[in-house]
Amino acid sequence: MHISAKADYATRALLELASDPGRPLSCEAIASAQHIPFRFLKSVVGELRRAGLVRSQRGCEGGYWLGRPAGEIALLDVVRAVDGELITLRGESLDGLDYPGPAVGLPGVWRQVESDAAATLGGLSLASLLPSEAHGRPSAIGAA
């Protein structure tokens with residue numbers, strides 16, 4: 001399985017925003033804090049904004065904020081916002097996948113892998129991934 005750089009960077013950027021939701025952060029600040037290439041992050045944040053996961057404001061008081069509370073943003077939302085399909089086979093959706101003969105059961109395995117991954121990512125919110133001191137609750141890191 002492959003986790004894209006876009007999905008990783010997007011999640012890290014959102015976690016940076018979630019760690020202090022009361023103040024906006026610039027792309028430069030997020031990139032610096034998370035050691036993410038600025039130009040790549042700028043593109044990723046644009047996709048997150050179009051998906052409603054971040055909101056932005058221009059100007060001196062501007063920057064980026066979460067588009068929804070961290071507890072309402074699942075990792076599945078993030079991956080789908082930047083990558084589209086969760087799992088593809090040679091770039092194609094698993095929906096119409098059909099194999100003949102002895103491989104007839106394999107598409108069902110790939111669909112189950114996708115379903116399990118979606119359940120795992122859908123069950124983890126940004127808030128659950130924050131270190132406990134960031135939101136006053138125990139972290140879910142390592143709990144899955």
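To be clear, the structure that these remarks concern was listed above.
Just so we're clear, the structure is a prediction, and the values are computed from it rather than from any experiment.

Novice: Would you explain the overall build of the protein chain in this entry?
Specialist: A count of helices and strands for the protein chain gives seven helices and two strands. Oriented by its inertia axes, the alpha-carbon framework of the protein chain measures out at about 65 × 35 × 25 Å. Across the 144 residues of the protein chain, 35% fall into the buried class. With an accessible surface of roughly 8,400 Å², the protein chain has 54% of that area assigned to carbon and sulfur atoms. Side chains of the protein chain carry 14 positive and 16 negative charges; the gap between the two charge centres is 6 Å.

Novice: Which parts of the structure should I look at to understand the packing of aromatic side chains?
Specialist: Two measures describe an aromatic ring pair: the distance that separates the ring centres and the angle between the ring planes. In the structure shown here, the tally under the stated rule is one aromatic pair. A centroid spacing of 5.2 Å and a plane angle of 80° characterise the contact between Tyr 9 and Phe 40, whose relative ring orientation is edge-to-face. Taken together, the residues span a long stretch of sequence, with Tyr 9 in helix H1 (residues 5-18) and Phe 40 in helix H3 (residues 38-50) at a distance of 31 residues. The partly exposed category is assigned to Phe 40, whose relative accessible area is 31%.

Novice: Even after reading the chapter, I still don't get a positive patch on the surface, so can you show me in this structure?
Specialist: Residues Lys 42, Arg 49, Arg 50 and Arg 58 make up a contiguous surface patch of positive charge. Within the fold, Arg 50 resides in helix H3.

Novice: So what exactly am I meant to see when it comes to the pattern of salt bridges here?
Specialist: As enumerated under the stated definition, the model contains four salt bridges in all. Notably, a salt bridge pairs Lys 6 with Glu 47, separated by 3.0 Å at the nearest N-O pair. In this pair, Lys 6 sits in helix H1 while Glu 47 sits in helix H3, placing the two residues 41 residues apart along the sequence. Note on Lys 6: relative accessible area 25%, which makes it partly exposed. Of the residues examined, Glu 47 reaches a relative accessible area of 17% and is grouped as buried. Asp 8 is paired through a salt bridge with Arg 12; the nearest N and O atoms lie 3.0 Å apart. A residue pair is termed a helical-turn pair when its members lie 3 or 4 positions apart in one helix, as Asp 8 and Arg 12 do in helix H1 at four residues. Using a relative accessible area of 22% as the deciding quantity, one classes Arg 12 as partly exposed.

Novice: Help me understand the pairing of strand S2 (residues 63-66) in this model?
Specialist: Each regular strand displays side chains that alternate between the two surfaces of the sheet. Pairing analysis gives four bridges linking strand S1 (residues 54-57) to S2, with the strands arranged antiparallel. Bridge pairing in S2 links Gln 57 to Gly 63. Between S1 and S2, which follow one another and run antiparallel, lie five residues, and Gly 59 among them has a positive phi close to 105°.

Novice: What am I meant to see in the environment of Ala 81 here?
Specialist: Mapped onto the elements of the fold, Ala 81 is located in helix H4 (residues 75-83). Residues Ala 81 and Glu 47, 34 residues apart in the sequence, show an inter-C-alpha distance of 6.6 Å. Every residue in contact with Ala 81, bar those within four places of it in the chain, is listed here: Glu 47, Leu 48, Ala 51 and Leu 53.

Calculation rules
Residues numbered from 1 in each chain as written. Predicted model: local features only at pLDDT ≥ 70, side-chain atom pairs only at ≥ 80, totals over all residues. Heavy atoms only, no water. Helix = DSSP H or I, 4+ residues; strand = E, 2+ residues; numbered from the N terminus. Buried < 20%, exposed > 50% of the residue type's maximum accessible area, 1.4 Å probe, protein only. Areas by Shrake-Rupley, 256 points an atom, 1.4 Å probe, with all protein chains shown as cover. Lys, Arg positive; Asp, Glu negative; His and termini not counted. Charge placed at Lys NZ, Arg CZ, Asp CG, Glu CD. Phe/Tyr/Trp six-rings, centres within 6.5 Å; stacked < 30°, edge-to-face > 60°. Patch = residues over 30% accessible without salt bridge, like charges linked within 9 Å, V, L, I, M, F, W, Y side chains within 5 Å. Salt bridge = Lys/Arg side-chain N within 4 Å of Asp/Glu carboxyl O. Pairing = 2+ DSSP bridges. Contact = heavy atoms within 4.5 Å.

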